[in-house]
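# Inside the fold
This is what each chain is made of:
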Amino acid sequence: MYLSRFLSLHALWVTVSSMMQHYPSVWGHYDVCKTQIYTEEGKVWDYMACQPEARDMIKYVKVTLDPPDITCGDPPETFCAMGNPYMCNNECDASTQELAHPPELMFDLEGRHPSTFWQSTTWKDYPKPLHVNITLSWNKTIELTDNIVITFESGRPDQMILEKSLDYGRTWQPYQYYATDCLDAFHMDPKSVRDLSQHTVLEIICTEEYSTGYMTNSKIIHFEIKDRFAFFAGPRLHNMASLYGQLDTTKKLRDFFTITDLRIRLLRPATGEIYVDEQHLARYFYAISDIRVYGRCKCNLHATGCKEENKRLLCECEHNTTGPDCGKCKKNYQGRPWSPGSYLPIPKGTANICIPSISSIGTNVCDNELLHCQNGGTCINNVRCQCPPAYTGILCEKLRCERDPGGCSQNSGQETTWQKPLLPLTALLVATGLCIC
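Summary of the structure given here.

Criteria and cut-off values
- Residues numbered from 1 in each chain as written.
- Predicted model: local features only at pLDDT ≥ 70, side-chain atom pairs only at ≥ 80, totals over all residues.
- Heavy atoms only, no water.
- Helix = DSSP H or I, 4+ residues; strand = E, 2+ residues; numbered from the N terminus.
- Buried < 20%, exposed > 50% of the residue type's maximum accessible area, 1.4 Å probe, protein only.
- Areas by Shrake-Rupley, 256 points an atom, 1.4 Å probe, with all protein chains shown as cover.
- Pairing = 2+ DSSP bridges.
- Core = buried A, V, L, I, M, F, W, Y, C linked by side-chain atoms within 4.5 Å.
- Contact = heavy atoms within 4.5 Å.
- Phe/Tyr/Trp six-rings, centres within 6.5 Å; stacked < 30°, edge-to-face > 60°.
- Lys NZ or Arg CZ within 6 Å of the ring centre and 35° of its normal.
- Disulfide = S-S within 2.5 Å.
- Polar contact = N/O pair within 3.5 Å; in protein donor to acceptor, adjacent residues only side chain to side chain.
- Salt bridge = Lys/Arg side-chain N within 4 Å of Asp/Glu carboxyl O.

Now for the overall build of the protein. Looking only at helices and strands, the protein has six helices and 24 strands in total. Put simply, the protein has 437 residues, and 46% of those count as buried. Put simply, the protein shows about 23300 Å² of open surface, and 52% of that area lies on carbon and sulfur atoms.

Set out below in structure tokens:
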């Protein structure tokens, strides 16, 4: 009895699982672009908005430093210990693997002891500022889905700016300011993300939360993506449908979480004090052991896959779209202007597929995926529609009586309220999925 009950439950689970795999969850994960459904006319495609899964974007990043010679070790120099700023017998030497601290150690797998990290030169040229720009580039538009996290092995900087670019580094805008004293450093009152609201979620703030000195448990700096999501999705992000709805209807909100590049501007190293100890300048430098950036390829809701090709991320576009971000229609599929997919209505969204151009219909008049014969017509070998007696046209979209001298009068037995369709309707209504005829 127990075995049969188990087998019955298992069979039920397999059936439910197979049904669910073709549809996004009610939270709107948008993890499938199309599925086949059955209608009175047979099996057809049902299109929906779709997007790639979030992933660790650091795997695909290119990093550049400015100035390029800011990494310690060439020539070798000594610096002070992290935990004891007056123990200054540590060495950075680029020619020795065990003593080198190159930029790639910001992104390597942690777990070794001691931890690996990139390190700058010390502030030996004080009072000249010790400025470093660390630029992370993806050569691809990505949408952030989790907090940006930067782990310092030195003290967290006294002053720092996180910046973003949406045009591959041509222009930059601030994401967040960090300082031990926001008013002094950036002429801004200190705030935290908790001080924001739905109406002020796009405000650029300066925070003093992440700018303490050498405390061993205070190494991390956050840029809080999830806290901003929570203004729309709730504290535990249970209502993702609400967030997706807001992203869909508020372009500035979606753009806020979208980047092509990030730049970390380190402006003043941790001093831990009001003044700089000019007798021990080897205490002051920057060191970063880890940077985490999670997100997804931006594919304009036209793809669930994103592949790396020639060291570049490219969306695996569907819905007859193409381009790195699925940002245009394929050749011969420009029957209407390209448009991004829409998260609405929840949970499947709207695919906004590209439809065939009128000029391309001649070689493929009808098929079982896009160009359905209308009004009960039958597709013959993909080259013509066999229409019922009352209809004519490429896709049986016209009333035959319209060709008669008297037009579609009541004497003809056909409705007089029918209007002649605009030319694009030969592909529009059916191919968009708005009408399955």
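Strand-to-strand pairing in sheets goes through backbone hydrogen bonds, with the strands running parallel or antiparallel. The sheet built from four strands is open, its strands ordered β7-β15-β9-β13 with antiparallel pairing. Where the open sheet ends on each side, the last strands, each with one partner, are β7 (118-119) and β13 (220-223). Strand direction decides the pairing type here: strand β9 (residues 148-152) and β13, joined by four bridges, are antiparallel. Bridge pairing links V149 to H222 in β13.

With respect to the helices and strands, the residue R312 is situated in strand β18 (residues 312-316). Looking at R312, the relative accessible area reads 30%, which means it is partly exposed. As a C-alpha pair, R312 and Y60 span 252 residues in sequence and 7.8 Å in three-dimensional space.

In the sheet, strand β17 (residues 305-309) pairs with β18 via five bridges, with the strands oriented antiparallel. Within β18, the position partnered with E309 by the bridge is R312. Counting the residues between successive antiparallel strands, the hairpin from β17 to β18 contains two residues, one of them, N310, with a positive phi of roughly 55 degrees.

Moving on to the nonpolar core. The biggest cluster of nonpolar side chains holds 61 residues, and the ones touching the most others in it are W118, I134, W138, L262, L266, I291 and V293. Among the elements that take part in this core, strand β8 (residues 132-144) stands out by supplying six residues, more than any other. Setting aside anything within four residues of it in sequence, one finds W138 in contact with M57, I58, Y60, V61, I259, T260, D261, L262 and V293. Membership of the second largest hydrophobic core comes to nine residues, among which are I161, Y177, F186 and L267.

With that settled, consider the packing of aromatic side chains. Evaluated as defined, the whole model comprises 13 aromatic pairs. Taken together, the ring pairs connect Y175, F223, F229, F256 and F257 into an aromatic cluster. Directly above the aromatic system of W45 lies the positively charged group of K34, at a separation of 4.3 Å from the ring centroid. We note R263 situated over the ring of W172; from NZ or CZ to the ring centre the distance is 4.3 Å.

All told, the structure shown has nine disulfides when counted by the stated rule. Put simply, C297 and C306 are joined by a disulfide, and their sulfur atoms are 2.0 Å apart. Of note, the bridge from C297 to C306 carries an S-S torsion of about -75 degrees and is left-handed in sense. A relative accessible area of 8% places C306 in the buried class.

The next point concerns the environment of R283. Mapped onto the elements, R283 comes out in the loop between β14 (258-268) and β15 (287-292). A residue is classified by how much of its surface remains accessible, and R283, at 3% relative accessible area, is buried. When the C-alpha positions of R283 and C88 are compared, they lie 7.5 Å apart, and in sequence the two are 195 residues distant. Within the structure, R283 has its side chain in polar contact with the side chain of Y284 (distance 3.4 Å).

As a further point, take the environment of G155. Tracing the sequence through the fold places G155 in the loop between β9 and β10 (159-165). A relative accessible area of 3% means that G155 is categorised as buried. When the C-alpha atoms of G155 and K219 are compared, they prove to be 6.8 Å apart, with 64 residues separating the residues in sequence.

Here the structure, examined in full by the defined rule, presents 15 salt bridges. Of the charged contacts, one joins E153 and K219 as a salt bridge, the two residues approaching to 3.2 Å between their closest N and O atoms. Placement of E153 in the loop between β9 and β10 and of K219 in the loop between β12 (206-207) and β13 is noted, with a sequence separation of 66 residues between them. Here D248 makes a salt bridge to R254, at a shortest N to O gap of 3.5 Å. Using a relative accessible area of 22% as the deciding quantity, one classes D248 as partly exposed. A single salt-bridge network, built from bridges that share partners, covers E163, R263 and R265.

Among the structural elements, T271 can be located in the loop between β14 and β15. Given a relative accessible area of 1%, T271 falls into the buried group. A polar contact of 2.8 Å, which involves the side chain of T271, links it to the side chain of D158. Residues in contact with T271, not counting those within four places in the same chain, are W123, D158, V276, R283 and Y284.

A word on unusual backbone geometry. Cis rather than trans, the peptide bond between Y126 and P127 has omega equal to 15 degrees. Mapped onto the secondary structure, P127 falls in the loop between β7 and β8. Omega for the bond connecting L344 with P345 falls within 30 degrees of zero, at -5 degrees, which places this linkage in the cis form. Looking at where P345 falls in the secondary structure, it is placed in the loop between β20 (328-329) and β21 (378-380).

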